[in-house]
Amino acid sequence: MTQHFWNRWSSEYLTLLQSSAKRRIVQKNLDIGDLILIKQDNSPTLQWKLGKVTEAFCGKDGKVRKVKIKTQTSELVRPTIKLYRLPINT
C-alpha cells in the first residue's frame, strides 16, 4: 500500500508541481538597449557572442519573440529563446 501511494504521489503530484512552477515564472520582455549573450550550440558558453538589442519584434500575444541584435562585427535577428539577458544595473 505504501509503495502504491509513493508511486502515484511521485508520478502525479510532483509532476504537477514542476509544471506549475514553470508557468509562475514571469520573464520580462527584452527591451531595446539590453545587453545579451547569444547562445551558440556548437561553442562553449565562454565563447558566446555579446550583443545589444536594437529592435524588438512582438508576437500576436504581445510578447517579444524575436529581436535584432548588433554585435561587434554584424547585425543578427534571433529568437529570444536563444538569448540570455545580462543582469547589468544602469
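In the annotation of an unreviewed UniProt entry, the chain is listed under the name Integrase catalytic domain-containing protein and assigned to Trichonephila clavipes.

A count of helices and strands for the chain gives one helix and five strands. Its helices and strands in sequence order give the chain the pattern α-β-β-β-β-β, from N to C terminus. Looking at the chain as a whole, 16% of its 90 residues are labelled buried. Long-range pairs, those at least 24 residues apart, make up 34% of the contacts in the chain with a sequence separation of at least 6. Carbon and sulfur atoms provide 56% of the accessible area of the chain, an area that totals close to 7,600 Å².

What follows deals with the pattern of salt bridges. If you walk through the whole model with that rule in mind, you get three salt bridges. Asp41 serves as the salt-bridge partner of Lys82, at 3.2 Å between the closest nitrogen and oxygen. Placement of the pair is Lys82 in the loop between β4 (75-79) and β5 (83-85) and Asp41 in the loop between β1 (35-38) and β2 (49-58), with a sequence separation of 41 residues. For Asp41, a relative accessible area of 55% puts it in the exposed group. Put simply, Arg65 and Asp61 hold a salt bridge, and the shortest N to O gap is 2.3 Å.

So, about the environment of Leu86. Checked against the element boundaries, Leu86 lands in the segment after β5. Residues Leu86 and Ile36, spaced 50 residues apart in sequence, show a C-alpha to C-alpha distance of 5.4 Å. Excluding its chain neighbours within four sequence positions, the residues that come into contact with Leu86 are Leu35, Ile36, Leu37 and Leu50.

Every second residue of β1 is oriented toward a common face, the buried set being Ile36 and Ile38 and the non-buried set Leu35 and Leu37. In the sheet, β1 pairs with β2 via four bridges, with the strands oriented antiparallel. Among the inter-strand pairings, Leu37 is bridged to a residue of β2, identified as Leu50.

Cut-offs and rules
Residues numbered from 1 in each chain as written. Predicted model: local features only at pLDDT ≥ 70, side-chain atom pairs only at ≥ 80, totals over all residues. Heavy atoms only, no water. Helix = DSSP H or I, 4+ residues; strand = E, 2+ residues; numbered from the N terminus. Buried < 20%, exposed > 50% of the residue type's maximum accessible area, 1.4 Å probe, protein only. Contact = heavy atoms within 4.5 Å. Areas by Shrake-Rupley, 256 points an atom, 1.4 Å probe, with all protein chains shown as cover. Salt bridge = Lys/Arg side-chain N within 4 Å of Asp/Glu carboxyl O. Pairing = 2+ DSSP bridges.

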